[in-house]
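Examining the three-dimensional arrangement
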Amino acid sequence: NTGYKFKPGEVLALGSSNSFTMAETLLSVVKLENILKTCEEAAAMDIEAERSTPFIVSKAAEDIAQWTEKKDVIARMRQYLQDSRIWVDTPSSIHPFCTLRASPDIIASAWEAVNN
């Protein structure tokens, strides 16, 4: 069940072109973009909750990032954490750094797939 309520004959009109498929694809991409934005916010909250090292989202990390999407993800995550205590507190341990350091790479890879 797609949730669409078609009248007799409407499906045949849509079936003769790819406009319906393209519309569905566009809606899916928009949903995926919203999911990725939520992932960025969630990863930033994880960094804060774990009292992780801020290097993961630092300007230095952004500067050495090797592709645009990763630079963008790091910048947005840093923006979410702009008033966080992670910038002044001592990190809790090495563990949060190890578990969260790949989050910008993973999210940025997904953004790269969406953008291309």
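Here the structure is shown first, and the text comes after it.
So, here's what we can say about the structure. (Residues numbered from 1 in each chain as written. Predicted model: local features only at pLDDT ≥ 70, side-chain atom pairs only at ≥ 80, totals over all residues. Heavy atoms only, no water.)

What follows deals with the overall build of the chain. For the chain, the count of helices and strands is six helices and zero strands. Long-range pairs, those at least 24 residues apart, make up 73% of the contacts in the chain with a sequence separation of at least 6. Here the chain has roughly 7,800 Å² of accessible surface; of this, 58% comes from carbon and sulfur atoms. (Helix = DSSP H or I, 4+ residues; strand = E, 2+ residues; numbered from the N terminus. Contact = heavy atoms within 4.5 Å. Areas by Shrake-Rupley, 256 points an atom, 1.4 Å probe, with all protein chains shown as cover.)

On to the pattern of salt bridges, then. For the structure shown, the criterion picks out six salt bridges. Across the salt bridge formed by Glu40 and Arg76, the nearest N and O atoms sit 2.8 Å from each other. One end of the pair, Glu40, is in helix α2 (residues 19-49); the other, Arg76, is in helix α4 (residues 68-80), and 36 residues separate them in sequence. Residue Glu40 is classed as buried on the basis of its relative accessible area, which comes to 0%. For Arg76, a relative accessible area of 31% puts it in the partly exposed group. Ionic pairing is found between Asp63 and Lys59, a salt bridge with its closest N-O pair at 3.2 Å. (Salt bridge = Lys/Arg side-chain N within 4 Å of Asp/Glu carboxyl O. Buried < 20%, exposed > 50% of the residue type's maximum accessible area, 1.4 Å probe, protein only.)

Within the secondary structure, Met77 is located in helix α4. It is 6.1 Å that separates the C-alpha atoms of Met77 and Glu40, two residues lying 37 residues apart in sequence.

Attention now goes to helix α6 (residues 103-115). Between the first and last C-alpha of α6 there are 18 Å, a value that for 13 residues agrees with the 18 Å anticipated at 1.5 Å per step. Looking at α6, one finds that the buried residues are Ser103, Pro104, Ile107, Ala108 and Trp111. Looking straight down α6, one finds its buried side chains confined to an arc of 110°; they lie on one side. Turned more than 90 degrees from where α6 packs its buried face, Ile106 and Ala113 sit exposed. (Expected span 1.5 Å × (residues − 1). Arc of directions from axis to C-beta.)

None of the figures reported here should be taken as evidence of function without further support.
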